[in-house]
Amino acid sequence: MNIALPSEGTDLSPYLPDEHGLFFLYHFTADGSRTKDPGQAQWTWRSYQITDLHARQEIGAEKALSAPARDAFLAPSHGCHIDYDDGWLYGDLPDLKHDFSEARGLVHFRFAFNDTMLIGARKQPLESVDAVRKMVENGSRKFRSPSDLIEAIIGQSLDGMAFELGKLGDTLDGIEDRVVRDAWHNERQALVEARRQLVVIHRQMATLTNLFRHLDHAHRDELPDAINDMAARLSNRAQTLYHDGEQLQARTRLLQDELMAKLTMQSNQLLYILSVLTAVLLPMTIISGLFGMNVGGMPLVNTPSGFWVVTAVSLLIAGAIYLFVRRLGQL
């Protein structure tokens, strides 16, 4: 490294990077315990702000990184990928923003690791990274290798997406209950929002499943057994969530179809009522129009009961038409 890294004891913030763009630096012994003595460290974990210029300079100057891993790490665009080269597993995977971010949603987490070093980078605070960082801080879990820690981070991310899928499932349950009870009002908007979130998560699960499958097919003979096992476990979890997302998407489509059918039925009922009213009132409109013409020879003009005669005739015709239309509607 061209720039000296701060020691473990330096006061670093896990949410605000220092002058080197570094969030935190942890050292781990062979048994996976955290140590503040770099001389006892078996491996280290460094987390950077990927948009920080100094952080990018430090990563670019890291001679231990293989060239493809360095290039992928510093690439300007964020596209999901995972690959293996010269002992380094590196990639860019989706994750969930932290609760105190500006907007909750999916972002990206970049990483590269070998047997002795794990480098991570992100643009915003991430739930999974923060959860694993707290495990390291309080000593609730030991990480014997970078692959263990990466599996924990991706596992936390998958847990977060599973939780989001569970909440969306509860939302769909509530919408379904209201639709069945005909107590729905603004369910169309709620369904559109739920389906939008499902599309995002489902797309990321499909991406993760394909990435791990590609890693297994492309580097099966090169990957160490520990990384092979990690990839298999994470691939199975991602595939399970992928199928769960598919089922929820199918539910949203069915609910949308049912809701549209109910809206169509409601519209048809309203159109039927309007048609009946139009048919019933049409004779009265015609009769009132005829008797409203200012021409000579109008019948019943000089008859005292002429108004009531015309009214009765109009009502009789309207009643007959109503009965006729009603009978047609029952057929």
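Residues numbered from 1 in each chain as written. Predicted model: local features only at pLDDT ≥ 70, side-chain atom pairs only at ≥ 80, totals over all residues. Heavy atoms only, no water.

1. So, the overall build of the chain
When its secondary structure is counted, the chain shows seven helices and seven strands. The N-to-C order of helical and strand elements in the chain reads β-β-β-α-α-β-β-β-β-α-α-α-α-α. Compactness check: the chain gives a C-alpha radius of gyration of 35 Å against a globular reference of 20 Å for 331 residues, more than 25% above the reference. Element-wise, carbon and sulfur atoms account for 55% of the exposed surface of the chain, whose accessible area totals about 18,000 Å². (Helix = DSSP H or I, 4+ residues; strand = E, 2+ residues; numbered from the N terminus. Rg over C-alpha atoms; globule rule 2.2 N^0.38 Å. Areas by Shrake-Rupley, 256 points an atom, 1.4 Å probe, with all protein chains shown as cover.)

2. Some remarks on the packing of helix H4 (residues 146-180) against helix H5 (residues 187-219)
Running from N to C, H4 and H5 point in directions that differ by 150°, and their axes come no closer than 10 Å. As far as their axial angle goes, H5 and H4 are roughly antiparallel. Two packed elements cross with a definite hand, and for H4 against H5 that hand is left-handed. Residues Ile 154, Leu 158, Met 161, Glu 164, Leu 165, Leu 168, Leu 172, Ile 175 and Arg 178 of H4 form the contact with H5, whose participating residues are Glu 187, Ala 190, Leu 191, Ala 194, Gln 197, Leu 198, Ile 201, Met 205, Leu 208 and Phe 212. Of the residues contributing to the contact of H4 with H5, the split by class is 15 nonpolar, one polar and three charged. (Axes fitted to C-alpha atoms, helices over the stretch in contact; angles between N-to-C directions. Parallel < 35°, antiparallel > 145°, perpendicular 65-115°, else oblique. Left-handed = near helix turned anticlockwise from the far one by under 90°. Contact = heavy atoms within 4.5 Å. Nonpolar A, V, L, I, M, F, W, Y, C, P; charged D, E, K, R; others polar.)

3. Considerations on the side chain of Gln 249
Relative to the elements of secondary structure, Gln 249 occurs in helix H6 (residues 225-291). By relative accessible area, which is 12% here, Gln 249 ends up buried. When residues no more than four places from it in sequence are discounted, the contact partners of Gln 249 are Leu 198, Val 199 and His 202. (Buried < 20%, exposed > 50% of the residue type's maximum accessible area, 1.4 Å probe, protein only.)

4. Points about H6
Note on helix geometry: an α-helix contains 3.6 residues per turn, so any two residues three or four positions apart are oriented the same way. For H6, built from 67 residues, the straight-helix expectation of 99 Å at 1.5 Å per residue is met to within 8% by its first-to-last C-alpha distance of 97 Å. The largest bend along H6 measures about 35° and falls at Leu 281, with the proline Pro 283 one to four residues further on. (Expected span 1.5 Å × (residues − 1). Bend = angle between axes of the 7 residues up to and from the residue.)

5. Remarks on the side chain of Ser 128
Within the secondary structure, Ser 128 sits in helix H3 (residues 127-138). Looking at Ser 128, the relative accessible area reads 2%, which means it is buried.

6. Things to note about the packing of aromatic side chains
Counting across every chain of the model gives seven aromatic pairs. Taken together, a centroid distance of 4.7 Å and an interplanar angle of 80° make the contact between Phe 24 and Trp 45 edge-to-face. With Phe 24 in strand S1 (residues 22-28) and Trp 45 in strand S3 (residues 43-49), the pair connects residues that are 21 residues apart, well separated along the chain. Across the pair, Trp 45 and Phe 24 agree in class, each one buried. With 6.2 Å between their ring centres and 25° between their planes, Phe 111 and Phe 113 make a pair best called stacked. The class of Phe 111 is buried, set by a relative accessible area of 1%. Residue classification places Phe 113 among the buried residues on the basis of a relative accessible area of 3%. Among the aromatic residues, those joined into a ring-pair cluster are Phe 24, Tyr 26 and Trp 45. Directly above the ring of Phe 23 sits Arg 122, whose terminal nitrogen or CZ lies 3.9 Å from the centroid. (Phe/Tyr/Trp six-rings, centres within 6.5 Å; stacked < 30°, edge-to-face > 60°. Lys NZ or Arg CZ within 6 Å of the ring centre and 35° of its normal.)

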